[in-house]
Each structure stands twice: as C-alpha cells, then as structure tokens.
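# Observations on chain architecture
Chain residues, written in single-letter form:
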Number of protein chains: 2
Amino acid sequence: MNPFTFYTPTKYQFGPGVVDAVGETLAGMGWQRVLLVYGKGSAVRSGLIARVKDLLAQAGIKVVELPGVRPNPEIASVREGVGIAREFDVQGILAVGGGSVIDASKAVAMATPYDGDAWDFFCGKATAGECLPIAVVLTIPAAGSEGSSSCVISNDELGAKNGTNGDSFRPKLAFLDPELTYSLPPYQTAAGVTDMIAHVCERSFSGVGAVRITDYIAYGLVRTLIEMAPRALANPNDYEARANIMWAGTLAHNDIAGCGRGKVAGRVGGWESHALEHAMSAYDTSITHGAGLAVILPAWMRYVWREDPQRFLDFGRGVFGLEPAGDSEADIEQAVTATIDALSAFFASIGMPSKLGEFGLTREVIPTLASSVIAVKGEPFGCFKPLARADIEAIYESAF
Amino acid sequence: MNPFTFYTPTKYQFGPGVVDAVGETLAGMGWQRVLLVYGKGSAVRSGLIARVKDLLAQAGIKVVELPGVRPNPEIASVREGVGIAREFDVQGILAVGGGSVIDASKAVAMATPYDGDAWDFFCGKATAGECLPIAVVLTIPAAGSEGSSSCVISNDELGAKNGTNGDSFRPKLAFLDPELTYSLPPYQTAAGVTDMIAHVCERSFSGVGAVRITDYIAYGLVRTLIEMAPRALANPNDYEARANIMWAGTLAHNDIAGCGRGKVAGRVGGWESHALEHAMSAYDTSITHGAGLAVILPAWMRYVWREDPQRFLDFGRGVFGLEPAGDSEADIEQAVTATIDALSAFFASIGMPSKLGEFGLTREVIPTLASSVIAVKGEPFGCFKPLARADIEAIYESAF
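Since we're looking at a predicted model, the values are computed, not measured.

Scoring rules and cut-offs
Residues numbered from 1 in each chain as written. Chains lettered and ligands numbered in written order. Predicted model: local features only at pLDDT ≥ 70, side-chain atom pairs only at ≥ 80, totals over all residues. Heavy atoms only, no water. Pairing = 2+ DSSP bridges. Helix = DSSP H or I, 4+ residues; strand = E, 2+ residues; numbered from the N terminus. Axes fitted to C-alpha atoms, helices over the stretch in contact; angles between N-to-C directions. Parallel < 35°, antiparallel > 145°, perpendicular 65-115°, else oblique. Left-handed = near helix turned anticlockwise from the far one by under 90°. Contact = heavy atoms within 4.5 Å. Nonpolar A, V, L, I, M, F, W, Y, C, P; charged D, E, K, R; others polar. Buried area = accessible area lost by both parts, 1.4 Å probe. Salt bridge = Lys/Arg side-chain N within 4 Å of Asp/Glu carboxyl O. Polar contact = N/O pair within 3.5 Å; in protein donor to acceptor, adjacent residues only side chain to side chain. Least-squares fit on C-alpha atoms with pLDDT ≥ 70 in both. Buried < 20%, exposed > 50% of the residue type's maximum accessible area, 1.4 Å probe, protein only. Expected span 1.5 Å × (residues − 1). Disulfide = S-S within 2.5 Å.

### Describing the pairing of strand E7 (residues 160–165) of chain A
Residue and element names in this part refer to chain A. Bridge count for strand E6 (residues 150–155) against E7 is six bridges, and the pairing is antiparallel. Across the sheet, the residue bridging to Asn-155 is Ala-160, located in E7. The loop that links E6 with its antiparallel partner E7 comprises four residues; one of these, Gly-159, has a positive phi angle of about 60°.

### Details of the packing of helix H9 (residues 272–283) of chain A against helix H14 (residues 389–398) of chain A
All names here are of chain A. Direction vectors running N to C along H9 and H14 enclose 70°, while the axes themselves pass 12 Å from each other. Taken together, the axes of H9 and H14 are roughly perpendicular relative to one another. Seen from above, H9 lies across H14 with right-handed handedness. Within the contact between the two elements, H9 uses Leu-276, Ala-279 and Met-280 and H14 uses Ile-392, Ile-395 and Tyr-396. Taken together, the residues that form the contact of H9 with H14 break down as six nonpolar, no polar and no charged.

### Details of the interface of chain A and chain B
In this assembly, 37 residues from chain A lie in contact with 37 residues from chain B. Around 3200 Å² of area is buried between chain A and chain B when both sides are counted, 64% of it from carbon and sulfur atoms. Sorting the residues of chain A by area buried against chain B places Met-1, Ile-213 and Tyr-216 of chain A first, and these three jointly supply 22% of that buried surface. One can count two salt bridges joining chain A with chain B. Between Arg-212 of chain A and Glu-227 of chain B there is a salt bridge, and its shortest N-O distance comes to 4.0 Å. The interface formed by chain A and chain B holds 14 residue pairs in polar contact (both at pLDDT 80 or more) in total. If you list the elements that add at least two residues to the side of chain A that touches chain B, you get strand E1 (4–14), helix H7 (212–234) and helix H8 (239–251) of chain A.

### Quick look at the relation of the copies chain A and chain B
When chain A is fitted to chain B, the best match, at an RMSD of 0.0 Å, comes from turning it 180° and sliding it 0.0 Å along the axis. As the rotation angle and translation indicate, the two copies are arranged about a two-fold axis. Measuring from the rotation axis to each C-alpha of chain A, the shortest distance belongs to Pro-9 of chain A, at 2.0 Å. Taken together, the interface assignments show that 100% of the residues at the interface of chain A recur at the interface of chain B, consistent with an identical surface on both copies.

### Looking at the environment of Thr-112 of chain B
All names here are of chain B. Mapping Thr-112 onto the fold places it in the loop between helix H5 (99–111) and strand E5 (134–138). Relative accessible area serves as the criterion here: at 13%, Thr-112 is assigned to the buried category. Sequence separation of Thr-112 and Leu-48 is 64 residues, and the distance between their C-alpha atoms is 26 Å. The residues touching Thr-112, leaving out its near neighbours within four places in the chain, are Val-82, Ala-85, Arg-86 and Leu-132. A distance of 2.7 Å separates the side chain of Thr-112 from the backbone oxygen of Val-108, its partner in a polar contact.

### Structural notes on helix H6 (residues 186–204) of chain A
The terminal C-alpha atoms of H6 of chain A lie 27 Å apart, and with 19 residues this matches the ideal 27 Å at 1.5 Å per residue to within 8%. Counting buried positions along H6 of chain A yields 16 of 19 residues, so the element is predominantly enclosed.

### Some words on unusual backbone geometry
Of note, the bond from Glu-379 of chain A into Pro-380 of chain A is cis; its omega dihedral lies within 30 degrees of zero at -5°. If you trace the backbone, Pro-380 of chain A turns up in the loop between helix H13 (366–377) and H14. A positive phi angle, close to 95°, is found at Asp-255 of chain B, a residue other than glycine. If you trace the backbone, Asp-255 of chain B turns up in the loop between helix H8 (239–251) and helix H9 (272–283).

### Let's talk about the state of the cysteines
Taken as a whole and judged by the stated rule, the model has zero disulfides over all chains. Cysteine Cys-201 of chain A remains unbridged, with the sulfur of Cys-383 of chain A as its closest cysteine sulfur at 15 Å. Look at Cys-201 of chain A and you get buried, because its relative accessible area is 0%. As a non-bridged cysteine, Cys-151 of chain B has Cys-131 of chain B as the owner of its nearest cysteine sulfur, 9.4 Å distant. Assessed through its relative accessible area of 0%, Cys-151 of chain B is described here as buried.

Dropping the structure here:
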C-alpha cells in the first residue's frame, strides 16, 4: 500500500428530483450570476436546460450561457466561455451534461482568473490556481468528471487532445439524478459502463501489487457494473440499475479505487488503454471512447498479463469468482485467459465491439495510431509493462 | 438505493512519515496560532507530541495546548479548550490522538465561535455553524472520527454521553501514518477493528434492502479487516496490515459504506448495537467500546435477523463466502446462524470477549442498562427492527 493523498471535496446530492433544489442551493452559496454550460443534444431536447433555467430564475440568479459544447470539447469553446464569464463577472459555473460539458466547464473555471491563454493549462505552460467554483447536473454517467481531478480538452488547430489534473477544479457540488439517465440510448449506456470499468482497471493494473482494501472496492465496482448494465439495457427505466451505474461512474474515477496503488507519486496507473484509445478516437472522431476501450482494454490485458499474473488471478477471483485449477503455469494461463475472455464477453454482451475492424479501421492505420500515442505519452510509456512502439503496434494488431 | 448526500471534504495524507509535513502544511493554510489537543497516554510517551511541537515551532506556528483529554471526553475539557482557543485567538485545532481527542477537538471547534455553552450542541439546544478548522494526526484507528461527521461528548454531572452530527466540523486534513500504530497494544488493535466492523454493519443492516454498490464496498471493508487483524496481531510492525486497517477505519465511518442505505432522511441505520454498547461502557467505564460491541453486535444480530433474512444471507455470502444449502426455512436459518457464528468466532479469535459476564457484569444490571438506552434513544428505537424495553432486555439477556 503505497503513500497517497485522497481528497474529494465534491458534495453529492443523489436521488430522484435532486435537481429541483439547484436554484436555492446555488443562491445559498452566494451565486448571483452563473455561467450555464451545456451541449448540443439531449439536455436541450428533454427540456432539462429550460427547467434548470427556470429554477435559477426563481432563485433570483442571473444566467449567461455557453451552449453547444461538443463531444471532445474544443479550446475555442473554452475561450468563448472565459470571455463570457469575465464580461458578466459570474460567481460560478453550472455544467449540465456529461464529461465533455464538465471538462469544458473546468477549463473555463481555471482560465477565467488566469492572465493568459486557456491552452496554457493543457500544454504544460501553466498550472491551475484558484478556480471559479463549479456545480454539475450530471446527465451522462461515464467519464466520472463530476468528481474527478481530470480535464481533457482538444485543440483542433494543433491536432491535440491533452489533459491536466488538479484538485482546485474538482466540482464543489454535483446533482446526480438517475432518472435523468432513463433516456440514454443503449449504445451510450454501454459505452459509459465500459469507460467506468476501464477507469477501475487502469488503477487496478497500475504496476503495484495487491492493496486489499482498494482492490476489494475496485472489484465491487466492476461487479456492480456487470450486474447492472444488462438490467439498464433491458429496462431503461430500472431505477436501481441506473442508480448503481451512476454512482459507480463517480466512484470509478474519484480516486477511491486507486488509494495506495500509485507506482510513483502522483497519478495512479499508466493509463495505457486510455492512451491507445485516445489515439483511435482522435483519428476517427466517430469512435465512441467507451466503445474503443471495449476493444483495446482486453487486447492490452492479453499482451501484458505475464508481467504480473497474480494481479489478473486476483481480478478474476474478485470479479468473476474464477479460480485457477492448480498452480502450474498452464493453470494460471488458463485462469487469466478465462478472466480476460469473461470481461471481453461482457462488453460484447452489452453491444460493444470486440475488434477494431468493427469501427471500419484497417491495419494500415496502425503506425499512425502508434505515432499518435507516442507523441502524447512518449516512448516507452506505461506502468504495468513499459510499451515501446513495437508493443503498441502489436496490441493494435492483436485487436484486428 | 435511497436518496443521499455524500460529502467528505477531508484531505487525507497517507503513508509513512506524513507527519513530517504537519508544520509546513498548517503554516501553508495560514495557521499562525494553533490549539494542540491530545490525551494522557501513548502519544506523549512515544515522543510524538514533542515531535509535532517541534515541527510546528520550525514552521513558525505558535502552540497553545489542551492536554490530558480522557477516553469518553468530558464537557469540562471542551469548555477549557474553548477558553484557551478564544484567549489566544487560534486559527485552527490540531488533534493528535484517536477518537476521543478528535471528538473533543470537534466540540471545541464548534463551541469557540458560539455565543453560549458547549453542551448546548449535545442537548439539542444548538446546531453547529461555522467551526474552527481541524487537522488530525491519527494514532488510534477505530472510531473513524478523522473523517466522520460525528462527535460524542460525555457530561459527568448529568451522567450523559451524547452525540451530534454535522459536516461543518469534519476535519479539513488528516495525517494517517500506519507506522504510528505499530505500538498499539493487541487488545486496543482488536477493539478498534471490532468498532470498524460495527460501523459497517450498522449501515449494512439499516432496514433498507440491497444496495449493490454500497454493499460490495461494505463487505470489502469487512473482509479486509478480517484478513488483516490477525496479521497485525501476529506481527505489530506488519505495514500492509496496519495500513489496510487504518484506511478501513476511515472508510468504515466516512459514510461511503452507507450511501443509499438511509431508511429515512439523514443518518443511515438505527445504530442499535452502538446504543446498547454505550449504555454498557457508560455503566462501567472500564469496558472498551469495541470489546463491548464484540459481544452485543452478534447478540443483536441473532435477535433481529428474521426481519430480513436476505440481508444476512447477502452479508454471509459477501464476507464469508457462505451459501445456504437450499431455499427452505431451515437452510436459511442455518446459513444465517453460520454467518453470525463466523463473525462472533472472528471477534473471539482476535481476543475479544463473547459474553457480558467476561466484563464482570451480572444479569441484575439489565434493567439499568435498558433504562439507560431508552433515556438516550427513546422507545421503541431502531431501523432494522424496532426495539422496545422487552427486546433490549432480551438482547442483553442473550449475551450472558
């Protein structure tokens, strides 16, 4: 159990109808002028944005808006938000949406009080100091941004998609109403669940051995998701299923599943699968992050497990109840393979792809994707097993 | 999964030697004058208090002291602390110790800015508003007060031991160094572990059915403790064991093990075993809280399980891997009994008592204890099964 800092100051209000309190709660925090950030899609169509604006108005809060934030939010949108936040001197930001909307809000929160360009935080030129406070109404459980210290922003001009981490832009407040997720399409529900499982796995396979307490929490989160995803897909209005998934998404990425699992100080895990997937969805923006992970995470596991078979046996035991038949190398390989097969089969069972070809990709893109990974992460990179170009290419190759 | 609020703003610094940063960290928070609160015992003898004072002095922090806080901290000690905190206009409180020292610090933190008597918070006359900020150096993992919203104070004059809950006095910062617990005597280590398991069980048997994600986390905490306690007892310097126990103590009581398990708004669970034990250790202050729980928790379970056998089967499955042989009533009773037996046997295996007679108590005290419970909790009380006087007396009776 390695040293760690754990700090999750977000206050979560969880349950049906919690959004009704958004106006009075923000007013109670002294917010009189708010920047409302949201996307292009369902939150507008469902009437949620109109409802939130009503609630804010009833509480006497003035609203300025940054609408139309796209998936993989772009720095231009952030700059626009900073301009509005400054012009109207808002006291806080209310993000209504999923990870993209929340990440855009985080970037606006850090850049508004900063005397320089917002991209500076994403190219190593600046570190977030005091930020505008953020509140969240979550509509898409997946990225875990409502409680996390991470923020990822794209820069189309530079062809870059970079992240930064910091405690100062963790949301102060998050309203989590599982009923708001009833209308999520099956593919998005499944991709969200896959992303959550990947967030846990990146931490569980961080290159550090067993940390009993954290491992048990991690396996409990994965088991919850494996039990609940099929229920939510079979009956989108299954409250228990939606609620378990929503809360699991938060805990999968608020760092509770990584305590004591840091190989080096700072971030837990090498985030190898995330890096390989980011290169894919940057290359083809029609690839949903979670769907890409459903292919790459098992492929990465099959490539690296021999570095520490015990970690995989432990995962198989804790999540799937799988035990090796004996202590021989063949028994261990059989049990590890069965574990990875079970995870991959689960992803397929909820409608996620299993092979890169399903995205329309061909083997010719492998060198391009590998270069893209190396440009962001360096070479070699990774905590569980250092990955050089040949390794990265072999993992992609194995996923066709 | 019932509605809940989850808010744990404490920043945890976990690992060997984290205490070395206490001076610079508090100075960085702008603390120039600090009230140092500690107990009578080991923290002084071990040199920890002297080390902390050195570190504060090196950081230019002026220290005033409230030493000698006793187990079951008394209101007179709190009032003394308030006087000192006001006289020296401290910016914060540093608690070095276990639950008693931290609870005394919480009471001083809420009463110092309050225009009235400190006991008001413990007799329903006042609710904590803004509090002095608290930092903690934890030396006894058990009560979980380093991250919890609870505070229990005794009033000898009134013969009362009352609690209050509030987010405003949760510690801002907690230094958790497992090495500081190497010197804990076996009995105190075991009693601490028992208290932690009880904190989880009070939430798991809250009168609400399955909440998968929270249940899995809860069972993971209990499994961790059952695996690690024997290791810590066999080898007091087993870092992994001490670290797992320390972090489990925090998570057992910071509310993560209760999310969605509240039967009514507010506190999760009826805290029936805690109430029955508090009456015992108030009657005979030589009874260690955790040791009392080792007797009362299983006795309570045997008395109430028929209210919801499925909850007990689920606990037995998640913690001990026990499955009923079939669906018949006899099969279920057998599996539930085996589960409670296993928990009780674990407590005995780590040196905890199994019967009330081991404390020197006799059956004659039962009416007195029951009256004491009712005086604090009312009648009937409890969430899993409402307990009237006859029930309370029957549980005590069964524990002889």
